[in-house]
Amino acid sequence: MRDPREELLAAARAGDGVTELRPGLWLVTDPPSTARLLASPDAVTGRSAPRRDLTSWGPDGTATWMAVRRALRPVLTAPHLEPLLPAIAEQARRTTAAWPVPGVVDGVRAAVRLVSDATLAHLLGAPSATLSALVDEELSAAGRTRAVLGRPVLGRRSLDRARRATYDAVRHRVRADPEGLPALLAAHGFEEHHITLTVRTLLLSGHHVPASALAWTFHRLALHPDAQDQARAEALAHPEPGADLPFCRGVVRETLRLHPPVWQLRRQLHAPVAPLPAGATAVFSPYLNHRDAAAHPDPDAFRPERRHLRPAPGSYLPFALGPRSCPASRTALVQLTVLLAEVLKTHRLSRHRDPGPSRGVLYAPDGLALRVVPVNA
Ligand code: HEM
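These figures come from a predicted structure and were not determined experimentally.

### Quick notes on the overall build of the protein chain
Broken down by element type, the protein chain carries 16 helices and 10 strands. The globule rule puts the C-alpha radius of gyration for 377 residues at 21 Å, and the 20 Å found for the protein chain is close to it. The principal-axis extents of the C-alpha atoms in the protein chain amount to approximately 60 × 50 × 40 Å. Excluding contacts between residues fewer than 6 apart, the proportion of contacts in the protein chain whose partners are at least 24 apart in sequence is 73%.

Listed below in structure tokens is the structure:
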């Protein structure tokens, strides 16, 4: 089975950085054009159907979402997350303590569990198995839909059912405990419906995407035991959650370079943005830009020490760039670093089954299985 990223890589290598794939559809890989186009207010988010549904809130939906984005900022900053890190780390310890050791764990499932608990604790103050299962089901249902003429048709009913179930459960939670994020949004004048949609959007976005990043990180460290030892030594030397762990953070950043879970982005141009005309659809691929040898020498090599380098604009974009980039990029990095450190303090990871080529919208290490043993065994 051919990896879809390799096909895009071949198209990019045959082009010159801005390549017309078919009339109106452009692949943009040259870093300055990537940065310029993504930063432009005239480049409007165009997503795959299930993804578009996340923040498509009906008429005036984009304007409402952008106002919500601004209001949310204080929650998606490190100072908000820091006091929650001890509880997030403690929860991760409880989860990993239940791993069969020595034994084999499903890398993606393990990462989803760790990340979902952490995201719920960050946004709502505590994990919730019910919400986590509903979010998982909605994302799986979205992944099962099949589009006809760009609209999800097959599997649409089960997606609608799953979406209603998540919405109802989030609304119930917001009513039962309006403190924190719901209170912040209410103070900005948002009504219950938009507060519910916001929490749901954040829970969905903070589930499979960061979990894929964590699972890839596990895989990379299983492939590179020296880097794993170095990351573990750093985590053990600074055991308090939230301690500065530059090497562990470098491992996460380098993994996001090689394996950006959101490997493709689309934007539609409402006005010309050089070098493209109005009406064009631009496709960007963090995966391709991250493998550009000019920006990242020896691009296929895993080198956490690249953290000392400052990539040129448009050559490192796991969280996208511009007005519709990931609003949680900073907190996601902190969260993943803390989760990784907690796992490494107690467990050694090695290869059991490597992932196969990932064919979904998300670039995830499908099929990854890891052998885990206790550190002091
Ligand atoms: C390693 C972790 C993460 C990565 C790599 C990542 C990556 C991305 C990327 C590339 C986008 C832009 C997608 C596009 O333009 O089509 C995005 C959007 C978004 N992300 Fe993240 N993300 C991560 C974690 C999170 C977390 C933890 C949350 C929530 C707590 C979150 C919430 C969102 C939201 C709400 C959007 C939509 C923004 C908008 O449309 O204005 N992300 N993310």
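### What about the pairing of strand β1 (residues 18-22)?
As defined by bridge partners, β1 adjoins strand β2 (residues 25-28) across 4 bridges and the pair is classed as antiparallel. Bridging across to β2, T19 finds its partner in L27. Where β1 folds back onto β2 in an antiparallel hairpin, the turn is made up of 2 residues, including G24, whose phi is positive at roughly 90°.

### Section: the site of the ligand
Taken together, 26 residues sit near the ligand, with S205, G206, V262, C326 and A328 positioned nearest. Where the shell around the ligand is concerned, the elements lending two or more residues are α11 (192-205), α12 (208-223) and α16 (329-346). Of the residues in the shell around the ligand, the class split is 16 nonpolar, 7 polar and 3 charged.

### Some remarks on the sheet that holds strand β8 (residues 281-284)
Two pairing modes exist for strands in a sheet, parallel and antiparallel, and in both the strands are linked by backbone hydrogen bonds. Read from one edge to the other, the open sheet built from 5 strands follows the order β1-β2-β8-β7-β3, with strand pairing classed as mixed. Only two strands of the sheet have a single partner each, and these edge strands are β1 and β3 (43-45). Adjacent strand axes in the sheet meet at a mean angle of 35° when their direction is disregarded.

### Looking at the nonpolar core
If you look at the biggest cluster of nonpolar residues, it comprises 91 residues, and the most contacted ones within it are A111, L214, A215, A282, L339 and L340. A per-element tally of this core places helix α7 (residues 107-124) first, with 11 residues. Residues within four places of L214 in sequence aside, it is in contact with A111, L114, V115, L336, L339 and L340.

### A few points about the environment of D229
Note on placement: D229 falls in helix α13 (residues 225-237). On the neighbour-count criterion, D229 (13 C-beta atoms within 10 Å) is partly exposed. Sequence separation between D229 and L349 is 120 residues, and the spatial gap between their C-alpha atoms is 10 Å.

Cut-off values and rules
Residues numbered from 1 in each chain as written. Predicted model: local features only at pLDDT ≥ 70, side-chain atom pairs only at ≥ 80, totals over all residues. Helix = DSSP H or I, 4+ residues; strand = E, 2+ residues; numbered from the N terminus. Rg over C-alpha atoms; globule rule 2.2 N^0.38 Å. Contact = placed C-beta atoms within 7 Å. Pairing = 2+ DSSP bridges. Near = placed C-beta within 6 Å. Nonpolar A, V, L, I, M, F, W, Y, C, P; charged D, E, K, R; others polar. Axes fitted to C-alpha atoms, helices over the stretch in contact; angles between N-to-C directions. Core = buried A, V, L, I, M, F, W, Y, C linked by C-beta atoms within 7 Å. Buried ≥ 20, exposed ≤ 12 C-beta atoms within 10 Å, placed from the backbone.

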